[in-house]
Amino acid sequence: LVNATGVSSVPAQDFDTCVGIDAVSMDAIGAGIFNAYPQLFKGSGEATKHGITVKVSWQVRTKPRFVLALPTNAKVILRAHAQKWIPPDGVAKSAAIEAVAAQLEATVFQMIMDEVDLTIEGDPPATDRAQITVILQVETLGTTTTIKPLKAIGKSQHPDDDYILNELVFPAALAMASEIA
């Protein structure tokens, strides 16, 4: 595995076989999935703020793109994710968090959806646009390699609508990423 700086995190002699894919190829795969399964890239539901529940639909307007590097705020995101990990007996939580975060740094990449339209029902309906990034991890156990989504992040053009992302769109983006990974 190669980290975002291009440095191998595992010595070459530890591999029997190595398979690689570049961002251009991943973009092509993502475009194929986007075109073949458009239903994966849209949804609807409800979100609540200050006791007011709204019906919202969302749709990814452009094919996802892949960045084989860490997001700019990766250390904070990965440490927060590592907080969920329970260390073995005798291992300090802080040391475990640093170890897990370091491993994640060497194995994560991004799927970015640049144009996600949000429509909030009403008369007239309100609209917003967001950019969503799903952070994915490549994980190998024995002879099986999997890609699993770790976290969705992003923001809308109108910060007042970010609660919709947190409640509805981020969980849906993680589920969608699980489905296509």
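Remember, it's a predicted structure, so these values are computed and weren't measured experimentally. (Residues numbered from 1 in each chain as written. Predicted model: local features only at pLDDT ≥ 70, side-chain atom pairs only at ≥ 80, totals over all residues. Heavy atoms only, no water.)

## Considering helix α4 (residues 162-180)
In this model, α4 (19 residues) spans 25 Å end to end at C-alpha, consistent with the 27 Å of a helix rising 1.5 Å per residue. Roughly 40 degrees is the biggest bend found in α4, and it falls at Val-169, with proline Pro-171 one to four residues downstream. By the burial criterion, the buried members of α4 are Tyr-163, Ile-164, Leu-165, Leu-168, Val-169, Phe-170, Ala-173, Met-176 and Ala-177. (Helix = DSSP H or I, 4+ residues; strand = E, 2+ residues; numbered from the N terminus. Expected span 1.5 Å × (residues − 1). Bend = angle between axes of the 7 residues up to and from the residue. Buried < 20%, exposed > 50% of the residue type's maximum accessible area, 1.4 Å probe, protein only.)

## Here's the deal with the side chain of Thr-107
One can find Thr-107 in the loop between α3 (93-105) and β4 (108-120). Residue classification places Thr-107 among the buried positions, given a relative accessible area of 4%. Side-chain polar atoms of Thr-107 contact the side chain of Gln-137, separated by 3.4 Å. (Polar contact = N/O pair within 3.5 Å; in protein donor to acceptor, adjacent residues only side chain to side chain.)

## Focus: the packing of aromatic side chains
Scanning the model with the defined rule gives two aromatic pairs in all. Ring plane angle 70 degrees and centroid distance 5.0 Å describe the contact between Phe-34 and Phe-41, whose orientation is recorded as edge-to-face. Taking relative accessible area as the criterion, Phe-34 reaches 15% and is therefore assigned buried. For Phe-41, a relative accessible area of 1% gives the class buried. (Phe/Tyr/Trp six-rings, centres within 6.5 Å; stacked < 30°, edge-to-face > 60°.)

## Some words on the side chain of Thr-133
In this structure, Thr-133 sits in strand β5 (residues 126-141). Thr-133 gets classed as buried once you look at its relative accessible area, which sits at 9%. Among all residues touching Thr-133, those that are not within four sequence positions of it are Gln-110, Met-111, Ile-112, Lys-151, Ala-152 and Ile-153. (Contact = heavy atoms within 4.5 Å.)

## Some words on the nonpolar core
Formed by 31 residues in total, the largest nonpolar core has its most connected members in Met-111, Met-113, Val-116, Ile-132, Val-134 and Val-169. Elements supplying a minimum of two residues to this core: α1 (23-36), β2 (52-60), β4, β5 and α4. Setting aside residues no more than four positions away along its own chain, Met-111 makes contact with Pro-64, Arg-65, Phe-66, Ile-132, Thr-133, Val-134, Leu-136, Met-176, Ala-177 and Ile-180. Listed in part, the twelve residues of the second largest apolar core include Ala-74, Leu-104, Leu-150 and Ile-153. (Core = buried A, V, L, I, M, F, W, Y, C linked by side-chain atoms within 4.5 Å.)

## Topic: the pattern of salt bridges
Tallied over the entire structure, the rule returns five salt bridges. Here Arg-61 ties to Asp-117 by a salt bridge, and the two come within 2.7 Å at their closest N and O atoms. Taken as a pair, Arg-61 in the loop between β2 and β3 (65-67) and Asp-117 in strand β4 lie far apart in primary sequence, 56 residues in all. Glu-115 is paired through a salt bridge with Arg-129; the nearest N and O atoms lie 3.6 Å apart. With a gap of 14 residues between them, Glu-115 in strand β4 and Arg-129 in strand β5 connect regions that are remote in the sequence. (Salt bridge = Lys/Arg side-chain N within 4 Å of Asp/Glu carboxyl O.)

## Thoughts on the pairing of β5
Judged from the eleven bridges that link them, β4 and β5 form a sheet pairing that is antiparallel. Residue pairing across strands places Ile-120 opposite Ala-126, the latter belonging to β5. With antiparallel pairing between neighbouring strands as the criterion, β4 and β5 make up a hairpin whose turn holds five residues. Looking at chain direction, β5 and strand β6 (residues 144-156) are connected through twelve bridges and run antiparallel. Counterpart to Ala-130 in the pairing with β6 is Ser-156. From the end of β5 to the start of β6, which pair antiparallel, there are two residues, and Gly-142 there has a positive phi angle of about 65 degrees. (Pairing = 2+ DSSP bridges.)

In short, geometric facts, not functional conclusions.
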